[in-house]
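Results of the structural survey
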Amino acid sequence: MTGLPRLNEPAPDFHARTTHGDRCLADYRGKWLILFSHPSDFTPVCTTEFIGFAKHADEFAAMNCELLGLSIDSIFSHLAWTRNIKEKFGVEIPFPIIEDLKMEVAQAYGMIHPGAADTSAVRATFLIDPEGKLRAMVYYPMSNGRSIDEFVRLLTAIQTSDANGVATPEDWRPGQPAIVPPPKTAAAAEARASEGYTYTDWYFSTRELPDAPKAA
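This part covers the packing of aromatic side chains. If you walk through the whole model with that rule in mind, you get 14 aromatic pairs. An aromatic cluster is built from F36, F50, F53, F60, W81, F95, Y140 and F151, whose rings are joined through pairwise contacts.

A few words on a nonpolar patch on the surface. Together, Y199, W202, Y203 and F204 give the surface a local cluster of nonpolar side chains, amounting to about 410 Å² of exposed area. In this structure, Y203 sits in the loop between β9 (198-201) and β10 (204-207). Among the residues examined, Y203 registers a relative accessible area of 45% and is labelled partly exposed.

What follows concerns the packing of helix α1 (residues 44-55) against helix α3 (residues 75-89). Where α1 meets α3, the axes come as close as 11 Å, and the angle between the chain directions of the two elements is 80 degrees. By the angle class used here, α1 and α3 are roughly perpendicular. Between α1 and α3, the contacting residues are C46, T47, F50 and I51 on the first element and W81, I85 and F89 on the second. For the contact of α1 with α3, a count of residues per class yields six nonpolar, one polar and no charged.

This paragraph deals with the side chain of R153. With respect to the helices, strands and loops of the structure, R153 is situated in helix α5 (residues 148-164). Given a relative accessible area of 13%, R153 falls into the buried group. Among the polar contacts made by the side chain of R153, one reaches the main-chain carbonyl oxygen of W172 at a distance of 3.2 Å.

Enumeration according to the criterion identifies 13 salt bridges in this entry. Taking the shortest distance from any N to any O, the salt bridge between E92 and K86 comes out at 3.7 Å. Here E92 falls in the exposed class, since its relative accessible area comes to 56%. For K86, a relative accessible area of 47% gives the class partly exposed. A salt bridge links R135 to D129; the nearest nitrogen and oxygen atoms lie 3.3 Å apart. Owing to a relative accessible area of 7%, D129 belongs among the buried residues under this scheme. Through salt bridges with shared partners, one network takes in E49, R123 and R146.

The next subject is the nonpolar core. Counting 27 residues, the largest nonpolar core has I34, F50, F53, F60, F95 and L127 as its most contacted members. Per-element tally for this core: the top contributor is α5, with six residues. Residue contacts for F95: discarding those within four places in its chain leaves T19, H20, F36, F50, F53, A54, L67 and G69. Formed by 21 residues, the second largest nonpolar core is a distinct cluster that contains L68, L70, V122 and L134.

We now examine the pairing of strand β1 (residues 15-18). Burial along β1 is one-sided: A16 and T18 are buried, and none of H15 and R17, which face the opposite way, are. Sheet topology places β1 next to strand β2 (residues 21-24); four bridges connect them, and they run antiparallel. Among the inter-strand pairings, A16 is bridged to a residue of β2, identified as R23. Bridging between β1 and strand β5 (residues 97-99) involves two bridges; their strand directions are antiparallel. Its bridge partner lying in β5, R17 is registered against E99.

Here we take up the pairing of strand β3 (residues 32-37). Within β3, six of the six residues are buried, leaving the element largely enclosed by the surrounding structure. Burial along β3 is two-sided: W32, I34 and F36 facing one way and L33, L35 and S37 facing the other are all buried. The pairing of β3 with strand β6 (residues 123-128) spans four bridges and is antiparallel. Residue pairing for β6: I34 is matched across the bridge by L127.

Quick notes on the rules
- Residues numbered from 1 in each chain as written.
- Predicted model: local features only at pLDDT ≥ 70, side-chain atom pairs only at ≥ 80, totals over all residues.
- Heavy atoms only, no water.
- Phe/Tyr/Trp six-rings, centres within 6.5 Å; stacked < 30°, edge-to-face > 60°.
- Patch = residues over 30% accessible without salt bridge, like charges linked within 9 Å, V, L, I, M, F, W, Y side chains within 5 Å.
- Areas by Shrake-Rupley, 256 points an atom, 1.4 Å probe, with all protein chains shown as cover.
- Salt bridge = Lys/Arg side-chain N within 4 Å of Asp/Glu carboxyl O.
- Helix = DSSP H or I, 4+ residues; strand = E, 2+ residues; numbered from the N terminus.
- Buried < 20%, exposed > 50% of the residue type's maximum accessible area, 1.4 Å probe, protein only.
- Axes fitted to C-alpha atoms, helices over the stretch in contact; angles between N-to-C directions.
- Parallel < 35°, antiparallel > 145°, perpendicular 65-115°, else oblique.
- Contact = heavy atoms within 4.5 Å.
- Nonpolar A, V, L, I, M, F, W, Y, C, P; charged D, E, K, R; others polar.
- Polar contact = N/O pair within 3.5 Å; in protein donor to acceptor, adjacent residues only side chain to side chain.
- Core = buried A, V, L, I, M, F, W, Y, C linked by side-chain atoms within 4.5 Å.
- Pairing = 2+ DSSP bridges.

Printed below as a string of structure tokens:
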């Protein structure tokens, strides 16, 4: 059985050896963290994902977000692979990668799915907020790479919701209207049309946002 952490609850704590030294969840307090697993070093799909995360690293940093990779491989394998990526693809991997040979972090985060692979971590991605709470988790199959642009978009949307008390519609992008939370009483529903929002119906209204969210 694979246990899964739950959204809006504290993310599982960890203490792990990485390519940048020891790391624990508390090291990221006050920052957003994207923790992501990959099936194995020296595999082609994972290589493209690491290149993608590396190319977006500055964009995530501007949003007060750190990146942290993980697989069931040794530090030596991680180091050899990242050096190979730099040599063959011209891309330096700027973020640490967890060595998880005992699968302790992978098990705590539900990254091991026996139906997909016996000992490899699937493509799982976790967004953890500055308070250490898990805010989103996304799983991809072994055969298909992630869209790093989507995690930029998702983090921007979550930060926007936190900053403005709104929800965001399908494929929301900065500069677009956001959804006002629906009213919770009959009186509030009756009043919604006169509250100054872009009104479609009592349960569906939107508003413009002043500025892009500031990093939390």
